[in-house]
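Architecture at a glance
Here is what each chain is made of, one letter per residue.
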Amino acid sequence: MSQEILDKVNAQVSAKFPGAVLSAELLYNFPVFTVDHNDAHEIVSFLKNDPELNFHFLTDLTGMQTADEKHLGVIYHLHNLPKNMRVRVKTFFSMDKPEIPTVTDLWPGANWMERETFDFYGVKFKGHPNLKRILNVDEMDIFPLRKEYPLEDQTRDDKSDKMFGR
Amino acid sequence: MSKKENTTPSTPPSDTMEKEYTTLNLGPTHPATHGIFQNVLTMDGEIIHNAVPTLGYIHRAFEKLAERRPYAQITPITDRLNYCSSPINNMGWHMTVEKLIKAEVPKRAEYHRVIIMELSRIADHIICNTIIGQDTGATTGFLYLFQWREHIYDIFESICGARLTTNICRIGGFDKEWSQKTWDMINNFVRDFPKGLEEFNGLLERNRIFMDRTINCGPISAEMALEYSFTGPNLRAAGVDYDVRVATPYSSYEDFEFQIPVGTQGDTYDRFTVRQEEMRQSLHIIRQAIKNMPSGKMHADIPDFFLPPKDQVYNNMEALIYHFKIVMGETDIPAGEIYHCVEGGNGELGFYLISDGGRTPFRLHFRRPCFIYYQAYPEMIKGAMLSDAIITMSSMNVIAGELDA
Amino acid sequence: MSQEIIKRTKLEIAKQPEGLEGPGFFATKVDEVIGMARANSLWPLPFATSCCGIEFMATMASHYDLARFGMERLSFSPRQADLLMVMGTIAKKMGPTLRQVYEQMAEPRWVLSVGACASSGGIFDTYSVLQGIDRIIPVDVYVPGCPPRPEQIIEGILKIQELSRNESGRRRNSPEYKKLMNSYGIE
Ligand code: SF4
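Quick look at the structure, then. As the structure is a prediction and not an experimental result, all values here were calculated from the model. (Residues numbered from 1 in each chain as written. Chains lettered and ligands numbered in written order. Predicted model: local features only at pLDDT ≥ 70, side-chain atom pairs only at ≥ 80, totals over all residues. Heavy atoms only, no water.)

Here the focus is the overall build of chain A. In terms of regular secondary structure, chain A is built from 3 helices and 7 strands. Moving toward the C terminus, one meets the helices and strands of chain A in the order α-β-β-α-β-β-β-β-α-β. Every one of the 166 residues in chain A was classed for burial, and the buried ones make up 55%. Accessible surface computed for chain A: about 7,500 Å², of which carbon and sulfur atoms make up 50%. Taking the 20 positively charged and 26 negatively charged side chains of chain A as two groups, their mean positions are separated by 1 Å. (Helix = DSSP H or I, 4+ residues; strand = E, 2+ residues; numbered from the N terminus. Buried < 20%, exposed > 50% of the residue type's maximum accessible area, 1.4 Å probe, protein only. Areas by Shrake-Rupley, 256 points an atom, 1.4 Å probe, with all protein chains shown as cover. Lys, Arg positive; Asp, Glu negative; His and termini not counted. Charge placed at Lys NZ, Arg CZ, Asp CG, Glu CD.)

Below you can see the structure in the form of structure tokens.
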């Protein structure tokens, strides 16, 4: 089943956007596509609006940072409820220019998910109606989920390593 | 009634008067919002013209925290997502890891899990529905039904030792068989709860005042709900029969027979009745699980992740090593990328996990249903009265912990 | 209340303070009478943010029934409240609000910090969580636990009652108290 979905979607998207699909694989029985970030919006929009594929439900949108700390990624989980098909679309871009078109024009529900991704990773969604921080305070100047920023609260002074003999 | 024609009150022509809106700050600590939610409302008299929610008031950085913790230690974090039904979150996380390490969990453990998950679904819906009652002015229901929540707590407590933040179950299954006392409590609950539930139902469901208050209050259409990625009871109240337990069965849900209630209007009353019916269906599932309980082991055969029995730890070198490795969180996990979802109390609770093979996840993202559907709230209360906005919020069951991560 | 009802419902009347008693009069210290009155009619302001708040709901509901201690009157307005019960994680974003609520309360005011999060940040040693509310407001009683059981919350409230019963009328004017407040930058 998953293999069929993978093949079908891959064939259709590759025909429509030649060269945009960088990889298509089955990860733990889940069809995953990595696409070029320049075409990401068009591909997602095609997946949504194509009457046959009909991935009309945006399950999830989130960001990530690659292990080399040079690229950011955005990951879409799409779902076709009537046929119960799911796909994951991933796209990566350089951290120097973290920009990608918004999908709020396709799903109003993407609004906060994109704001959250911006808040955590600093991905700029072009065309987003209200791209502000959502969970953290507005004055924050770091993007806390990037690997280079520390997790711990920096104001604590009761955690000295002396206690542990280090 | 007089026969006179209904005359519209004469208003001055609109260009001579400038409309003024009042701004009302509702929250973050408003007594009627049951949690930390802030909405800046623009009001036209008593009518809501616009609402701007602010969130993040209890942002606790779960996702960053999860990147620093070994897999077994992430379970306590998931407790605190939707703390009204923590066991579902725990199980969801365990199943995600099991999927990643390809563990085969025996049916017996899965059936036990189903019982716990359905119990916590009941506990979750009890909170939501009694709060709707509370906000419409019916405190009685809250006091009646909360008593039953205590019984569920007692069951959890006898299984794992905690009431609310349960950290129940392990990766791979359960650490031991449940005691006879637990089973007695479960049987008593299944036997007696319907009475309490119907009593509560009798108080509200066909109550004229309650119906007038909730029908057509905060409605959302099925199309809108899908656009806003609604899931769970709120989506079903709008008339879409999407339930993860049926669409992508996990933990042997395919063995059970149950119905998915759907509403028609997507209003507060529908959300209330859908939740009521789901509680009945949950009881039905629990009964089936007790009746058809398979025999076998309680946990999967994965020594790398499952703590060995204590007597072996004390007498056997190998078991001791495993024990240390697991407790210190030094077991490596295969690299992989996985999305697993379960039907939480509020909808599709997803775990998107990327492992790079180390002891902690590389990235863990929680798909939190509350966070996603709460953004439709301003849309739903536009043009409604302030008091309707309050019960719309409570009927959506927005849980601050899940909202703010 | 008639003796009959008291007997039937096993109610206890608050203990009479020590004093001089005679036919038609009773003399005692003002402090003790006030302390007794305060302790038995605390108006708590529940500042429930997360998980611990759900445990507080259980404490309020029929099983544990906080009303037994003269507390069924929750005051959601800080101006009339005597006791601020902080339950749950306080994020840094929430800190100023909490402080504002505290400042709006009239003296005498007590603060009960329920749960590991409110007391010390708990398991969330993260960039966004305030590491204990005692960084911004003074706390009278800490209740540990994640979440504390309702019995523990009740115990904490009993401790607050004890404090308020035995507090001298002059304490809030004393230089020590002023110093404490100033160390938090209040007033
Ligand atoms: S102490 Fe524990 S239960 Fe209480 S708010 Fe913090 S995490 Fe939740």
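Continuing now.
Another aspect to go through is the interface of chain A and chain B. Across the boundary between the two partners, chain A contributes 45 residues, which contact 41 residues of chain B. Interface area for chain A against chain B, summed over the two sides, is near 3,700 Å², with a carbon-plus-sulfur share of 60%. Of all residues in chain A, A:Tyr28, A:Trp112 and A:Leu151 bury the most surface against chain B, accounting for 23% of the area lost on that side. Joining chain A to chain B, the criterion identifies 6 salt bridges. In this structure, A:Lys90 engages B:Glu337 in a salt bridge whose closest nitrogen and oxygen atoms are separated by 2.7 Å. (Contact = heavy atoms within 4.5 Å. Buried area = accessible area lost by both parts, 1.4 Å probe. Salt bridge = Lys/Arg side-chain N within 4 Å of Asp/Glu carboxyl O.)

On to the packing of aromatic side chains. Residue and element names in this part refer to chain B. The final tally for this structure, using the stated rule, is 26 aromatic pairs over all chains. Residues Trp93 and Phe351 carry aromatic rings whose centres are separated by 6.1 Å and whose planes lie at 50 degrees to one another, so their mutual orientation is tilted. In this pair, Trp93 is assigned in helix α3 (residues 86-101) and Phe351 in strand β5 (residues 348-355), connecting sequence segments 258 residues apart. According to the relative accessible area criterion, Trp93 is buried, its value standing at 0%. (Phe/Tyr/Trp six-rings, centres within 6.5 Å; stacked < 30°, edge-to-face > 60°.)

So, on to the sheet that holds strand β4 (residues 336-343) of chain B. Either a parallel or an antiparallel arrangement is found when strands of a sheet pair, and the pairing is made through backbone hydrogen bonds. Residues and elements named next belong to chain B. The antiparallel open sheet is built from 3 strands, whose spatial order is β4-β5-β6. Every interior strand has two partners, whereas the edge strands, β4 and β6 (363-367), have only one. Sheet twist, expressed as the mean angle between neighbouring strand axes with direction ignored, is 10 degrees. By the bridge criterion, 8 bridges tie β4 to β5 in an arrangement that is antiparallel. Opposite Glu337, over in β5, you have Ile354 as the bridge partner. (Pairing = 2+ DSSP bridges. Axes fitted to C-alpha atoms, helices over the stretch in contact; angles between N-to-C directions.)

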